[in-house]
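Here is what each chain is made of, one letter per residue.
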Amino acid sequence: MTPFLRKFLGMNWLLLGIALVLCVLGVIAVYSASSFRTEDYWHKQAVWVVAGIAVFTVTSLIDYRWVKWAALPMYILSIFFVILTYTGLGEEHGGAKCWLRVPGVGTFQPSQMAVIAGVLTVGLFLSQFRKLHPMLKLVFTGAIVGGPMLLILKQPDFGMTLVWIPVILSMLLLNGMPKRYIISILLIGVSVLPLLINFVLKPYQRARIIAFVDPGIDPLGAGWAINQSLIAIGSGGFGGKGFMATGTQVEQGFIPGTTVHTDYIYTAIGEQFGFVGGVVLIALFAVLILTMLVCAHQSADELGLLITAGFTGQIFFHVYQNIGMTIALMPITGLPLPLISYGGTFLVMVMFGLGLVNSVWVHRKALP
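Every value quoted in this text rests on a predicted model; they were computed, and no experiment measured them.

Enquirer: Describe the packing of aromatic side chains, naming the residues involved and giving the relevant values.
Expert: Aromatic ring pairs are described here by two measures, namely the spacing of the ring centres and the angle between the planes. Here the structure, examined in full by the defined rule, presents 10 aromatic pairs. Summarising the aromatic geometry, the rings of Phe81 and Phe108 are spaced 5.6 Å apart at their centres and angled 85° between planes, so their arrangement reads as edge-to-face. Taken together, the positions of Phe81 in helix 4 (residues 67-84) and Phe108 in strand 3 (residues 106-108) put the pair 27 residues apart, joining distant regions of the chain. Each ring, one from Phe125 and one from Phe129, has its centre 5.4 Å from the other, and the planes form 35°; the classification is tilted. The class of Phe125 is buried, set by a relative accessible area of 13%. Taking relative accessible area as the criterion, Phe129 reaches 44% and is therefore assigned partly exposed.

Below, the structure is given as C-alpha cells:
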C-alpha cells in the first residue's frame, strides 16, 4: 500500500461525513432562504462546497507540521490583506469595511483568513516555547494577536474581533497556562468592555447591544431584526411550517433579504423546520465539535493539539454566537454559521481548518 493511499484510507471519515452533511444542508438552507429573491445564491454556494471539499482533502493528506514554515508567511499576508481593506479596494457591507475586492475574482473577508493564520502562528509559538514563563507567554501571544484584533475592530467588525478570545484562551489553557491568568484576562476584558462599547464601537453597534438588553426599546429600529427573528423561529413551532413555505416571515421580507441567507440563516431554518430542525442541526455541530476534540486528544504532539483546539474554539464560538443572536441569547454581531451560511471565503476557510484537524488525525503517530 502506497503512503498516499494509506493516508487517504486513514482519514477521519466521521469528520468528513459530518462536514459534508452540514455543507449539503447549508446549500438547501440557502436555497430555501433566498429562493424568494431574484438571485440564486445556492448555485454559488454549491460551487464553493466543491472547492471546500478539494481544499479539505488536499490539506488532510499533507503533514500538518508544514505549519512550521507556512504559519508566519500566512500571518503576514493576512495582515496585509486586512490593511488593504482600508484602501480603495475595501468594500463596506453592513456598516463595516471588512471586505476586499479582488479584480476579476470577487470579494473576500481577510479577517477570516487572519483568524486561521493567528491560530497557526500562536500554536507554533506556544508549542516551541512551552517552558516560557506564563507572563512572557501572555506578552508574546498578545503581541501576535493584538495587531490583527485592533485592525479588525477598527473596520469595525466586532464579531470577528470577539472570535479571537475563545480561540486564544482555549489554546493557552491547553498549553498549561495557570487558570488564575485566564481568569484575570477575562476579568480585565469584562472591565474594559464598557469603555469599548462607548468609545470604540459605532452608534449602530451600540444600538444593537442596547436592543439585546431590551429588545422592546426600539422595536422599529435597532430591535427590529431580533424581534422578527424571534417571531419567525417561534412561529415555526415543533415541526416547522415546511420547506419553502409561503406566508412566512422570511418569504414576506420581515427578515432582511440581504442577511437572511447569511447572518440569519438559522432563523429561516427554525421557521421552516421548527424545533426538530434546529435540534438536528445543533446535534450535527455537537458531533462535529466532539470529533474535533477526539482528534486533538489523539494528536502526536503539542502543535497538533493546539491548532486543533484553536479551530474547535473557532467553530464552537461561531455556532454559539450565530444561533444565540437569532434567539436573543447574544447581541447581533453578524457572524456566519459555519458551513451553513452563504459565503465562499468562510466556507473554504472552515474546510481548510477542518482539513488541518484531519491531518492531525491522519498523522497522529509520532515521528521517530
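Enquirer: Just give me the short version of helix 10 (residues 224-236), but keep the residues and values in it.
Expert: A rise of 1.5 Å per residue sets the reference length of helix 10, with its 13 residues, at 18 Å; its end C-alpha atoms lie 19 Å apart and thus fit the reference within 8%. For helix 10, the secondary structure elements touched by its buried residues are helix 11 (265-297) and helix 12 (302-326). Where helix 10 ends, the next residue or the one after it, Gly237, has phi of about 65°, a positive value.

Enquirer: Would you mind going over the nonpolar core in detail, with residue names and values included?
Expert: Judged by nonpolar contacts, the single largest core of 100 residues is most densely connected at Leu22, Leu288, Phe311, Leu339, Ile340 and Leu354. Per-element tally for this core: the top contributor is helix 13 (residues 344-362), with 12 residues. Ile340 has contacts with Leu22, Leu25, Gly26, Ala29, Val30, Gln45, Ile265, Ile269, Leu281 and Phe285, leaving out every residue within four places of it along the chain.

Rules and cut-offs
- Residues numbered from 1 in each chain as written.
- Predicted model: local features only at pLDDT ≥ 70, side-chain atom pairs only at ≥ 80, totals over all residues.
- Heavy atoms only, no water.
- Phe/Tyr/Trp six-rings, centres within 6.5 Å; stacked < 30°, edge-to-face > 60°.
- Helix = DSSP H or I, 4+ residues; strand = E, 2+ residues; numbered from the N terminus.
- Buried < 20%, exposed > 50% of the residue type's maximum accessible area, 1.4 Å probe, protein only.
- Expected span 1.5 Å × (residues − 1).
- Contact = heavy atoms within 4.5 Å.
- Core = buried A, V, L, I, M, F, W, Y, C linked by side-chain atoms within 4.5 Å.

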